[in-house]
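Inside the fold
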Amino acid sequence: DRINSIDSVKIWLRAADLEDDIPSQITVVKRALELTPNSVRLWKTLVEMVNESDARVLLGRAVECCPVSVDLWLALARLETYENARKVLNRAREKLPAEPAIWMTAAQLEEANGNEQIVDRIVQRALQTLSKYEVNMDREAWLKEAEKAEETGMVATCQAVVRHSIGLDV
């Protein structure tokens, strides 16, 4: 059944490619989603075809249909205002508490909005929660996350990750 679903998605995407214009392609992909609403690939394709406000609406529906897709949650958060992005990331953490990328995005969102005091709490909770869910991130993995945060100018997030992970595996 999974193979049929993958093949079906490929066929729908090919059918959309054969259309001459974007509105017709959108119509085909929307029809495909009526039949395969849990296809992350179809949702991503559709979101790429529309404007930002339509993408926000579509991603809201996409995370309902595909609640374990980290990419869809993060894409939705990126399109939202600060307050709504916080809500989206909190919902994402409820659905995917063991996903480091959601925690790191939440910390970086707070830092980007001047809430550096909250960053430390988020990172601390991330390590506790991920440990509880037995996510195997050792100190090296966390330090790589810290490096990524530093490279994007998220110094408070970087510092919080280092502070809370430095004692791991010692």
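1. Examining the overall build of the protein chain
Each helix and strand in the protein chain was counted, giving 10 helices and zero strands. Reading the helices (α) and strands (β) of the protein chain from amino to carboxyl end gives α-α-α-α-α-α-α-α-α-α. With the C-alpha coordinates of the protein chain rotated into their principal frame, the extents come out at 55 × 35 × 25 Å. Relative to its 170 residues, the protein chain shows a buried fraction of 41%. When the accessible surface of the protein chain is totalled, it reaches about 10000 Å², and 49% of it is carbon and sulfur.

2. Considerations on the pattern of salt bridges
On inspection of all chains with the given rule, the structure shows eight salt bridges. The partner of Arg86 in a salt bridge is Glu110, and the shortest N-O contact between them spans 2.8 Å. Note that Arg86 is positioned in helix α6 (residues 82–95) and Glu110 in helix α7 (residues 100–112), a separation of 24 residues in sequence. With relative accessibility at 32%, the residue Arg86 sits in the partly exposed group. Residue classification places Glu110 among the buried positions, given a relative accessible area of 3%. Residues participating in the shared-partner salt-bridge network are Glu52, Arg56 and Glu80.

3. Re the environment of Arg121
Among the secondary structure elements, Arg121 is positioned in helix α8 (residues 116–132). According to the relative accessible area criterion, Arg121 is exposed, its value standing at 51%. Distance in space between the C-alpha atoms of Arg121 and Ala107 is 8.7 Å, their sequence separation being 14 residues.

4. Topic: α7
The end-to-end C-alpha distance of α7, which contains 13 residues, comes to 18 Å, matching closely the 18 Å that a straight helix rising 1.5 Å per residue would cover. Among the residues making up α7, those that are buried are Pro100, Ile102, Trp103, Met104, Ala106, Ala107, Leu109, Glu110 and Glu111. Looking at the packing, one finds that the buried side of α7 touches α5 (70–79), α6, α8, α9 (139–151) and α10 (155–165). Just past α7, the residue Gly114 takes up positive phi, approximately 80 degrees.

5. Notes on unusual backbone geometry
Its identity as a non-glycine residue notwithstanding, Glu134 has a phi of 60 degrees, on the positive side. Along the chain, Glu134 turns up in the loop between α8 and α9.

Reading guide: rules and limits
Residues numbered from 1 in each chain as written. Predicted model: local features only at pLDDT ≥ 70, side-chain atom pairs only at ≥ 80, totals over all residues. Heavy atoms only, no water. Helix = DSSP H or I, 4+ residues; strand = E, 2+ residues; numbered from the N terminus. Buried < 20%, exposed > 50% of the residue type's maximum accessible area, 1.4 Å probe, protein only. Areas by Shrake-Rupley, 256 points an atom, 1.4 Å probe, with all protein chains shown as cover. Salt bridge = Lys/Arg side-chain N within 4 Å of Asp/Glu carboxyl O. Expected span 1.5 Å × (residues − 1). Contact = heavy atoms within 4.5 Å.

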